[in-house]
Amino acid sequence: MTRSEESHLVPLGTTGWAVWRDVVLRSTGFPADTVRPLADPALAAAADAVEDTAVDAVEAVDAYRAEYARAAERLSAAVREAARTPRFREAVAWQNPKLLRLCLDKLAAGEPRNVRGRNHELTVAGYLQRYGLKNDTIGFVGPVGWARWTGDGAPVATEVGPGFLARRTVYFEIWAIDAVARALSDDPRVRPWLAPRLFAAHRLAGSALLLPGRDPVPLTPAESELLALVNGVRSVRAIADELAWSEFPELGDPTAVLAAVESLVERQLLRLDLVGTIEAHPERTLIARLELIPDPEVRAHAIAMVDRLVAARDEVAAAAGDDVALEAAMARLGACFEEITGVGGERRPGQTYAGRTLVYEDTVRDVRVALGPALREQLAGPLTLLLDSGRWLVAEIGQEYERYLTEVYERRVAQTGGPQVPLASILSLVTPQLYFNVRSLSKPVRRAVDEFQRRWADVLRLPPDARHVTLRSADIAGRVAELFPPRPLPWPTAVHHSPDFMLAAADEAAVDRGEFLLVLGELHLSFNTMESRVFVEQHDDPPSMLAAAEADLGRRRIYGITSRDVPGVSSRVAPPSALLSPGYTYWTMHPEAVTPPAPIIPAADLVVDREGERLVVRSRSGDFEAPLAHVVGEPLAAAAINAFKPVARGSHSPRITVDRLVVARESWTFPAGELAWAAVRSEPDRFLAARRWRLAHGLPERAFYKVPVEDKPAFVDFTSLVLVNTLAKAVRRSAEQENGAVTLTEMLPDADGLWLRDAEGARYTSEFRVLAVDLPARDL
């Protein structure tokens, strides 16, 4: 068996690329028609008639005003119905239970359309468009589904189970268990039984403690003796027993040892707490630590606290599917949590995707999809051209960062006069340009993307003012090969890229007839998007996923463990990865966010040096050496993940189709400050102005838009009063940003191209998340 014939891989033709056999099916948990009641074609027609010169202007305006009044009533009825629907209420309860009382109950009771009522309308509309049209993977509003590439059979074959969900699982948010751990850690009865821990980024070196980015901390002989006994397992009392026989008998008393440990904790040289790292079931690890307490009374008291919270969590899980029972169970869980911790049961109010509540639910959709070789063949040609260019782009990004890191290194060498610079010192200077930012690209990445787009412009040679451009992969393959030649990969995980694609077809029979389009969603560079806990936890065989990752990366991956405080770190998604191998190398300069299955190299032990033309990282202890780009490959990959933007954003960009793959959807970009219609105060006049603006620019009725004040795209239907209001509000907020712009993108697939159905035949939006593997680079 060759590497390309491994069981977890399926070749993409003879291109040198392969894909994992397992494919994630991301879909909505509500049918696409969920949003339909917000649309109002009659109002839109009446508004457009006002602009029709063939119609009497006065009569048209009067007709529009009358229709607007009726539309406002229809909207109130639609929102009121949604606010009363048990399944919608349950979905909101999982994410923001306060809204049930503060918003949904008021609308359900017939709240008038005053300022507050209209704001509540916007809230409900926002949730409806997200639940019905956005392929978010969260709870039952975005269940995980699974597909698989096959060697034979139809292009697409779906097996839908009798239930919408095959599995529901409720997990604690990590911050909630952290709060319980801190409360127990501060309990005077528990504290003497805790096991002190060194920070993973620190290294004890005799009479000094080495810290990343700081001068060594000198230790007294007693402190050195104490810290030498700290291993994360011995409790304060056990350390006192050991020290009773040392040359410091005064530390043989548990009270004296605890005081000495507390002093080191205050200086941030030691940890004395039960707080764990990020994982799927942190409560289990907390209980396991508590079970090590020798005192039976203290142990039973502490475990009982956690058991109470777990029981309350289990009540929440049992209430799934019943919005009334769920709300009550959520309230009991919140009260239990607050009683134990003294902390409120919500954090980061008002933020999106922030893990606000105490628990979250992830689910598996009751569906299996087989993707046959005919579909893979249609995808392979154009997708591999994109992947080839993505490989080039990652190498270009690596080169830009190499220049940048070298400049920083040379500045530090000039300041210190020595060739070795602590790794932490380098990273402290480059951090603003090193990490993932959902709203913008770093300067090194931006420079690489500019050249990437220039080269793609030479490949595509788009005609001016075109709306739709169709190309053949065979016709552009030569230019792609010339302009995006293979280059050495800058870090190990660059063998992986994660494209998402959608299938636009009326149904499976249409796909069989060849009546379909493939639509590229995003292509995440140098990153395995399947390594998030949300996917690993919901897979039938998680160990097989780790085995696949290990087969691709071998022992080459060097994993820099991030801080828990870095944006993007959460209970569900990577980082940190849920596919960590004992064969990888781990290092950190933070209180670590994950407990890896192998030792951690402390950043305090790592220095950067020059070896010829490249920078290398070495450990002071002499047992580790690797290129700097490999060592910081994880944050570099995170910085590059959203860089695949082959077409520069302009005022208008055409739809670009290569063979059957739409590689770019038609889009329009406008300076937010120039959209005067959004600032019109009168609602009926604003809707009229929005319709006039849409027609003037040839915009579709339905589109997604992206604004700088939101992390995720949102949906607009220009026939909908409330969705136009939502867009107007986003435009006004964006106009307050420097160079704030609004980009609208055609909805593709649209309602007539949604092939995924449930057991009752309702249509759902969906996308396939694929992992592509660069075989030639992997097998070097």
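Since we're looking at a predicted model, the values are computed, not measured.

*Asks:* What is the right way to look at the packing of helix α4 (residues 98-108) against helix α5 (residues 115-133) in this model?
*Replies:* When two helices pack together, their arrangement is given by the angle between their axes and by how far apart the axes lie. Two numbers describe how α4 lies on α5: the axes approach to 10 Å, and their chain directions differ by 105 degrees. Here α4 lies roughly perpendicular to α5, going by the angle between them. Each of L99, L102, C103, L104, K106 and L107 in α4 lies in contact with α5, whose residues at this interface are R116, G117, H120, E121, T123, V124 and Y127. For the contact of α4 with α5, a count of residues per class yields seven nonpolar, three polar and three charged.

*Asks:* In this structure, what is going on with unusual backbone geometry? I would like to understand it.
*Replies:* Trans is the common state for peptide bonds, and a negative phi is the common state for residues other than glycine. In this chain, P575 is followed by P576 through a cis amide linkage whose omega measures -5 degrees. When you line up the elements, P576 lands in the loop between β14 (558-561) and β15 (585-588). Note the cis peptide between L748 and P749, where omega equals 5 degrees. One non-glycine residue, D465, lies in positive phi territory at about 65 degrees. Residue D465 is classed as exposed on the basis of its relative accessible area of 75%. One non-glycine residue, N739, adopts positive backbone phi at about 55 degrees. For N739, the location among the structural elements is in the loop between α23 (721-735) and β26 (741-746).

*Asks:* Would you mind going over the sheet that holds strand β7 (residues 208-210) with me for this structure?
*Replies:* Sheet strands pair via backbone hydrogen bonds, and the direction of the pair is either parallel or antiparallel. Across the sheet, which stays open at both edges, the three strands sit in the order β6-β7-β8 with antiparallel pairing between neighbours. Among the strands making up the open sheet, the edge pair consists of β6 (203-205) and β8 (217-218). As judged from the three bridges shared by β6 and β7, these two strands associate in the antiparallel manner. The residue of β7 that forms the bridge with A205 is A208.

*Asks:* Just checking my understanding: could you explain the sheet that holds strand β19 (residues 625-627) for this structure?
*Replies:* Strands sit in the order β10-β17-β18-β19 across an open sheet of four strands; the sheet is antiparallel. For this open sheet the edge positions go to β10 (421-422) and β19, each flanked by a neighbour on one side alone. As paired elements, β10 and strand β17 (residues 606-611) share two bridges and run antiparallel to each other. By the bridge assignment for β17, V421 is matched with V608. Those strands touched by helix α13 (residues 373-416) are β10, β17 and β18 (614-619), and its axis lies near 100 degrees from that of β17.

*Asks:* Hey, could you run me through the side chain of S667 in this one?
*Replies:* For S667, the location among the structural elements is in strand β23 (residues 667-671). Apart from residues no more than four positions distant in its own chain, S667 is found in contact with S651, H652, S653, T743, L744 and T745.

Criteria and thresholds
Residues numbered from 1 in each chain as written. Predicted model: local features only at pLDDT ≥ 70, side-chain atom pairs only at ≥ 80, totals over all residues. Heavy atoms only, no water. Axes fitted to C-alpha atoms, helices over the stretch in contact; angles between N-to-C directions. Helix = DSSP H or I, 4+ residues; strand = E, 2+ residues; numbered from the N terminus. Parallel < 35°, antiparallel > 145°, perpendicular 65-115°, else oblique. Contact = heavy atoms within 4.5 Å. Nonpolar A, V, L, I, M, F, W, Y, C, P; charged D, E, K, R; others polar. Buried < 20%, exposed > 50% of the residue type's maximum accessible area, 1.4 Å probe, protein only. Pairing = 2+ DSSP bridges.

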